[in-house]
Amino acid sequence: MIGSHRVVIQNKRVRYDFVIKRNLTIIKGDSATGKTTLVDMIAEAVDNPSDTSIEITCDKKCYVVRGATWEGQIRTIQDSIVFIDEGNEFVSLAEFASVIQESDNYYVLVTRQDLPDLPYSVDEIYGIRTSGKYGDLKRTYNEFYRIYTQFNSKKIKPHKIITEDSNSGFQFFSGAIAQDSDFRCISANGKSNVFSVAEKAEAPTLIIADGAAFGPEMDKIYKLARQNTNLILFLPESFEWMILNAGVISSDVYSEKNIATILDKPEEYIESRKYFSWERFFTELLVQVTQKTYLRYNKKKLNPVYLNDKIRDRILAILRDGNIDI
């Protein structure tokens, strides 16, 4: 499945209205916020379509998967939006991650757990709030809101950078910034290690991670950053996304204009069955558009040309736009 899909679920009392644009969407929140009501309404509308006042409006079919037969249910569903309520412990299994990776559905998971086997985006973690837009009609209007937002309100100059791995992103920041003996750039050697490395930060420290797949780590690192004012979070989709956004690439196949079009609405180009995480798409796109140019990209080993002053400064400008003084 590709694209964004608006889902409207309503009866005489409650209305949910939201847009899904990735293969994985997470809904978090406390009890009594409407999460279970949402899933139950979908299940009722699907199971009893002729005997319910619930209406579902969407260009894709919606289903609810639950219980011990979850795998068989998923394997029979195609090109649809699948909702799974909290309490279904199978969502934390590595087997579940493997099964849904093979499907072409979008999944909306209602859970309070962090799911380390699923590469979900920090931008697709939501809560549900009531806006009261339909108060006059005695209907509660529910909408999704992002739980985690950027909070670098003041310009900050970090003394250290933590990257989640030692690939090209780490190599770039090490070569482009950390030449000063007072500046350190270190790798956490995996996103699951970012928290333990960040806990030790005493000087202003910039954490750079791939937001496209950093969702499972976000709750604890976000809370840590709220407590420790020395921590700054910068979570672009990926390092490859930063390069694509820097405006340094132009080729006969992909002009800068075409790249800008893709980056404006990537959901229109990213097939969920092929790309379990958007980070994979941006890596493949960057490799493709640079393969016959002097900017040829390799994820494991950085092409030294990216450290040339002009290209380096364009990439770093993306951080500066986020109030990070580098």
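Further up the page is the structure itself.
Now for a quick tour of the structure. (Residues numbered from 1 in each chain as written. Predicted model: local features only at pLDDT ≥ 70, side-chain atom pairs only at ≥ 80, totals over all residues. Heavy atoms only, no water.)

What follows covers the packing of aromatic side chains. Tallying each qualifying case throughout the model produces 15 aromatic pairs. Arranged with centres 5.7 Å apart and planes meeting at 65°, the rings of Trp70 and Phe96 form a pair that is edge-to-face. Taken together, the positions of Trp70 in helix α2 (residues 70-75) and Phe96 in helix α3 (residues 94-101) put the pair 26 residues apart, joining distant regions of the chain. Taken individually, Trp70 and Phe96 each receive the classification buried, so the pair is uniform in this respect. Counting every residue linked through ring pairs, the aromatic cluster contains Phe18, Phe83, Tyr126 and Phe144. (Phe/Tyr/Trp six-rings, centres within 6.5 Å; stacked < 30°, edge-to-face > 60°. Helix = DSSP H or I, 4+ residues; strand = E, 2+ residues; numbered from the N terminus. Buried < 20%, exposed > 50% of the residue type's maximum accessible area, 1.4 Å probe, protein only.)

The next point concerns the nonpolar core. The biggest cluster of nonpolar side chains holds 43 residues, and the ones touching the most others in it are Phe173, Tyr306 and Leu319. For this core, the secondary structure elements donating two or more residues are α4 (168-176), β12 (205-208), β13 (231-234), α7 (239-245), α8 (256-264), α9 (278-290) and α10 (309-320). It is α9 that contributes the most residues to this core, 6 residues altogether. (Core = buried A, V, L, I, M, F, W, Y, C linked by side-chain atoms within 4.5 Å.)

For the rest of this paragraph, the subject is the side chain of Ser238. Relative to the assigned elements, Ser238 resides in the loop between β13 and α7. Of note is the side chain of Ser238, whose polar atom sits 3.1 Å from the backbone nitrogen of Trp241. Residues within four places of Ser238 in sequence aside, it is in contact with Asp210, Glu279 and Phe282. (Polar contact = N/O pair within 3.5 Å; in protein donor to acceptor, adjacent residues only side chain to side chain. Contact = heavy atoms within 4.5 Å.)

To continue, consider helix α1 (residues 35-47). Counted at 1.5 Å a residue, the expected span for α1 with its 13 residues is 18 Å, and the 19 Å between its end C-alpha atoms agrees. Taken together, the buried positions of α1 are Lys35, Leu38, Val39, Met41, Ile42, Ala43 and Ala45. (Expected span 1.5 Å × (residues − 1).)

Glancing now at unusual backbone geometry. Although it is not a glycine, Asp79 sits at a positive phi angle of roughly 50°. Residue placement: Asp79 occurs in the loop between α2 and β6 (81-84). Look at Asp79 and you get partly exposed, because its relative accessible area is 31%. At Asn189, a residue that is not glycine, the phi angle is positive and equals roughly 55°. You can see Asn189 is positioned in the loop between β11 (184-187) and α5 (194-198). A relative accessible area of 57% means that Asn189 is categorised as exposed.

So, about the pairing of β13. Every other side chain in a regular strand lies on the same face of the sheet, so the side chains alternate between the two faces. The two faces of β13 match: Leu231 and Leu233 on one face and Ile232 and Phe234 on the other face are all buried. Relative to β13, β12 runs parallel, the two sharing 4 bridges. Along β13, the bridge assignment pairs Leu206 with Ile232. As for the winding sense of the linkage, the β-α-β connection from β12 through helix α6 (residues 215-227) to β13 is right-handed. (Pairing = 2+ DSSP bridges. Right-handed = clockwise from strand over helix to strand, strands pointing away.)

So yeah, pure geometry; function would need other evidence.
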